[in-house]
Amino acid sequence: MEGGVPAGGSYKASGLRMSTHRKPRSSLHHGELSVWMGLNIFLFVWFYFVYEQGETFYYTRHLLGSALAWARAPAAVLNFNCMLILLPVCRNLLSLLRGSFVRCSRTMRKQLDKNLTFHKLVAYMIALMTAVHMIAHLLNVEWLNNSRQGVYDNLSTALSNLEDDTDDSDHRTTYLNPIRKNDIDPQQIPTYFVFTSIAGLTGVIITLALILIITSSMEVIRRNYFEVFWYTHHLFIIFFAGLVIHGIGYIVRRQNKESYKEHNPLFCQNRTEDWGKIPECPIPQFEGGPAQTWWYVIGPMVIYLCERLLRFIRYMQNVQYRKIVMRPSKVLELQLVKKGFKMDVGQYVFLNCPAISQLEWHPFTMTSAPEEDFFSVHIRSAGDWTDKLIDIMQKLPEGSQGPKMGVDGPFGTASEDVFDYEVSMLVGAGIGVTPFASILKSIWYKFKDNDPNLKTRKIYFYWLCRETHAFEWFADLLKAQEKEMEERGMGDFLTYKLFLTGWDQSHVNYVMVNVDRETDVVTGLKQKTHYGRPNWDKEFEQVRKENPTSVVGMFLCGPEALGKVLEKKCGKYSDVDPRKTKFYFNKENF
């Protein structure tokens, strides 16, 4: 993902989120996963036996065997998951739900922060069920064609040769075998049927769309060719359109109930010559089942359309530039003003610049505090879109307004909960420090205003960077924090450590020459920069020692590998005794 904090989002660049779980009680984390998987298993098993044992499908099973059930059971699971797939990327809906849980369980709110993880799981299930459904139907088409050609027994041939009952007043088709064409090369009939029937053609289209969507969602493509990921993800429109009309061809057919009462397959299956000649065996009548997919997806589709309408309304609202600043390390700071805009710490917005692309929206964490009369983002050069935006801003005359900017949001993340903890550990890597800029600024304002609702009494802040220049744009904020805390006699409230993980010999020489300076040679802060990576065991041990009875919130905005390390440390250093130190792990989803 380009810009502020990378995102491993879904379609429409549905970007960065924070997720969290409590290590000592990890079973809670798997609760909703178990419910979802249980519903999938139930639907598969239920519909498998409906088609495998249903009386009205007796003759259909004679033509298709178990492939009938193996095609229809995955279809039911597909419908269920296609109902769910859009909901996790309805950002405004999630923000509404998350806000409604503010006074409820913290666990409930955290589950909503795993929306992208759930979106991916649902997508994997759709892909798996599509593969099973497709393979089963390819076998079905082949067997239906063989039955039509008389390859199998007399019953299969008789069932396949049944014609429509044109005497029916509403002209419903009453045949069983949907392959009706028999005047071309038999080997070409399956291909002809797939590409000329509604079910076959839409099946091909939605399968191709799904393949493109999934393959372009691989992390290597999403990271390096985000535009490819973003545009191909919008094939979901074609996918859903094909999905809704996929079932109206009525190719999966069954004996209708009236016919079943008069024509018992168990009695008549060996008397095909007598069908229509004796009262016990009238010619069986068949019907196609109703198209059901739209029952599942119409609700989520309406919700998603409302979501897009709200995004469009926000896009049309005027946004003014308060300040445009180029920071070191090719970081662009935009200070923006929008009427009625309200934010909380650690939240993010989606930005759209029509001068670059009318369609692309990219997520950026806000670095401003809620107490300020503007909102700001810091944008790192990290791809085509950010490079073009920085280039446009650098060419602007001094003091002029930038290009039109669409803003959607703000949207919440787990970092909103930082003030719910008595003690917080904030870990940022590179540009991943951006949500913590908002938090530290907000703390500064709360202390200045003597906010009585501030529960937090201690913050540990760790920032890891590869380059010395990366510290520069954030150093001014930390200097102000240092001065403010000292003046108020609260120098111990904020403990921060900066770690430089990459340097060259010239920097080493410069540090050695200036080793006796009171302030750090890299940042100008009183706290000296550490070289190398943190010893996390030492850091966690220190936090636990200094806060022996506290609940500690660990907030990370950084790479997955670092997240796994810190997650394990949270579990390792959480005491079994509930009266002692507990660590809760929170991480941005990239």
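Asker: Please provide a residue-by-residue account of the packing of helix H13 (residues 236-245) against helix H16 (residues 293-316), values included.
Answerer: At a closest axis distance of 10 Å, the pairing of H13 and H16 adopts a crossing angle of 145°. Considering how the two elements wind past one another, H13 and H16 form a crossing that is left-handed. Contacts from Phe236, Phe240, Leu243 and Val244 in H13 reach Thr293, Trp294, Val297, Met301 and Tyr304 in H16.

Asker: Which residues make up the packing of aromatic side chains, and what are the values?
Answerer: Taken as a whole, this structure holds 27 aromatic pairs when the rule is applied. Consider the rings of Phe44 and Trp70, whose centres lie 5.6 Å apart with planes at 65°: the pair is edge-to-face. You can see Phe44 sitting in helix H2 (residues 31-53) and its partner Trp70 sitting in helix H4 (residues 67-84), a full 26 residues away along the chain. For Phe44, a relative accessible area of 18% gives the class buried. What makes Trp70 partly exposed here is its relative accessible area of 40%. Both rings, one in Phe350 and one in Phe411, keep their centres 6.1 Å apart while their planes meet at 80°; by these two values the pair is edge-to-face. Placement of Phe350 in strand E6 (residues 348-352) and of Phe411 in strand E9 (residues 406-411) is noted, with a sequence separation of 61 residues between them.

Asker: An account of the sheet that holds strand E5 (residues 331-338) is requested, with residue identities and associated values reported.
Answerer: On the basis of which strands lie adjacent, the open sheet formed by three strands has the order E4-E5-E8 and antiparallel pairing. The open sheet is flanked by strand E4 (319-327) and strand E8 (375-380), the only strands paired with a single partner. Averaged over neighbouring strand pairs, the angle between their axes works out to 20° when direction is ignored.

Asker: Go over the nonpolar core with me, naming the residues and quoting the values.
Answerer: Among soluble globular proteins, nonpolar side chains are generally buried collectively. Membership of the largest hydrophobic core comes to 52 residues, with the highest contact counts inside it found for Tyr59, Ile126, Leu159, Phe239, Phe240 and Trp275. If you tally residues by element for this core, the top one is H4, at nine residues.

Asker: With reference to specific residues and values, describe the pairing of strand E12 (residues 494-500).
Answerer: With respect to burial, E12 is a largely interior element, six of its seven residues being buried. Summarising the sheet, strand E11 (residues 458-465) and E12 pair through seven bridges and their orientation is parallel. Following the sheet pairing, Cys465 is matched in E12 by Leu500. Relative to strand E13 (residues 530-531), E12 runs parallel, the two being bridged by two bridges. Paired with Leu500 across the bridge in E13 is Tyr531.

Asker: Account for the sheet that holds strand E7 (residues 362-365), naming residues and giving values.
Answerer: Where strands meet in a sheet, backbone hydrogen bonds hold them as pairs that are either parallel or antiparallel. Pairing is antiparallel in the open sheet, where three strands are placed in the order E7-E6-E9. Whereas interior strands pair on both sides, the edge strands pair on one side only; in this sheet they are E7 and E9. Here the average twist between neighbouring strands, direction ignored, is 25°. In this structure, E6 lies alongside E9, joined through four bridges in antiparallel fashion. When the sheet's bridge partners are listed, Asn352 is paired in E9 with Gly406.

Asker: Please set out the pattern of salt bridges residue by residue, giving values where relevant.
Answerer: In the structure shown here, the tally under the stated rule is 11 salt bridges. Residue Glu287 pairs with Arg254 through a salt bridge whose shortest N-O separation is 3.7 Å. Of the two residues, Glu287 is situated in strand E3 (residues 286-288) and Arg254 in strand E2 (residues 253-255); the sequence distance between them amounts to 33 residues. For Glu287, a relative accessible area of 24% puts it in the partly exposed group. Here Arg314 ties to Asp408 by a salt bridge, and the two come within 2.9 Å at their closest N and O atoms. Note that Arg314 is positioned in helix H16 and Asp408 in strand E9, a separation of 94 residues in sequence.

Asker: Explain helix H18 (residues 434-448) to me, using residue names and the numbers behind them.
Answerer: For H18, with 15 residues, the first-to-last C-alpha span of 22 Å sits near the 21 Å given by 1.5 Å per residue. Among the 15 residues of H18, 12 are classified as buried, and the element is accordingly described as predominantly covered. When we look at burial in H18, the residues that qualify are Thr434, Pro435, Phe436, Ala437, Ser438, Ile439, Leu440, Lys441, Ser442, Ile443, Lys446 and Phe447.

Asker: Report on the state of the cysteines, specifying residues and quantitative values.
Answerer: Applying the stated rule across the entire model yields one disulfide. Sulfur-sulfur distance for the disulfide between Cys268 and Cys281 comes to 2.1 Å. Judged by the sign of its S-S torsion, about -95°, the cystine formed by Cys268 and Cys281 is left-handed. Of this pair, Cys268 sits in helix H15 (residues 265-268) while Cys281 sits in the loop between H15 and E3, placing them 13 residues apart in sequence. According to the relative accessible area criterion, Cys281 is buried, its value standing at 0%.

Asker: Residue-level account of the confidence of the model for the protein chain, with values.
Answerer: Here the protein chain averages 81 in pLDDT, while 82% of its residues score no lower than 70. Throughout residues 1-28 the model reports pLDDT below 50, and contacts reaching past four residues in sequence, or to other chains, amount to 136 contacts. Taken together, the stretch residues 167-171 has pLDDT below 50 and engages in one contact with residues farther than four places along the chain or on a different chain.

Asker: Pulling in residues and values, what's your account of the side chain of Asn145?
Answerer: With respect to the secondary-structure elements, Asn145 resides in helix H7 (residues 115-148). Among the residues examined, Asn145 registers a relative accessible area of 3% and is labelled buried. With residues up to four places along the chain from it excluded, the contact list for Asn145 reads Ile179, Pro186, Ile189 and Pro190.

Asker: Talk me through unusual backbone geometry; I want residue IDs and the actual numbers.
Answerer: Between Gly409 and Pro410 the backbone carries a cis peptide bond, its omega angle lying at 10°. Here Pro410 lies in strand E9.

Asker: Give me the lowdown on the packing of H2 against H4, citing residues and values where you can.
Answerer: Running from N to C, H2 and H4 cross one another at 145°; their axes reach a closest spacing of 8 Å. In the packing of H2 onto H4, the handedness of the crossing is right-handed. Seen from H2, the contacting residues are Trp36, Leu39, Asn40, Leu43, Phe44, Phe47, Tyr48, Tyr51 and Glu52; seen from H4, they are Leu68, Ala69, Trp70, Arg72, Ala73, Pro74, Ala76, Val77, Phe80, Asn81 and Leu84.

Asker: Hey, could you go over the side chain of Glu372 for me, with residue numbers and the actual values?
Answerer: Within the secondary structure, Glu372 sits in the loop between E7 and E8. Buried charge Glu372 goes without a salt bridge, the closest partner of opposite sign being Lys441 at 4.2 Å. At a separation of 3.3 Å, a polar atom in the side chain of Glu372 contacts the side chain of Tyr445. Setting aside chain neighbours within four positions, we find Glu372 in contact with Lys441 and Tyr445.

Quick notes on the rules
Residues numbered from 1 in each chain as written. Predicted model: local features only at pLDDT ≥ 70, side-chain atom pairs only at ≥ 80, totals over all residues. Heavy atoms only, no water. Axes fitted to C-alpha atoms, helices over the stretch in contact; angles between N-to-C directions. Helix = DSSP H or I, 4+ residues; strand = E, 2+ residues; numbered from the N terminus. Left-handed = near helix turned anticlockwise from the far one by under 90°. Contact = heavy atoms within 4.5 Å. Phe/Tyr/Trp six-rings, centres within 6.5 Å; stacked < 30°, edge-to-face > 60°. Buried < 20%, exposed > 50% of the residue type's maximum accessible area, 1.4 Å probe, protein only. Pairing = 2+ DSSP bridges. Core = buried A, V, L, I, M, F, W, Y, C linked by side-chain atoms within 4.5 Å. Salt bridge = Lys/Arg side-chain N within 4 Å of Asp/Glu carboxyl O. Expected span 1.5 Å × (residues − 1). Disulfide = S-S within 2.5 Å. pLDDT = per-residue confidence, 0-100. Lys, Arg positive; Asp, Glu negative; His and termini not counted. Polar contact = N/O pair within 3.5 Å; in protein donor to acceptor, adjacent residues only side chain to side chain.

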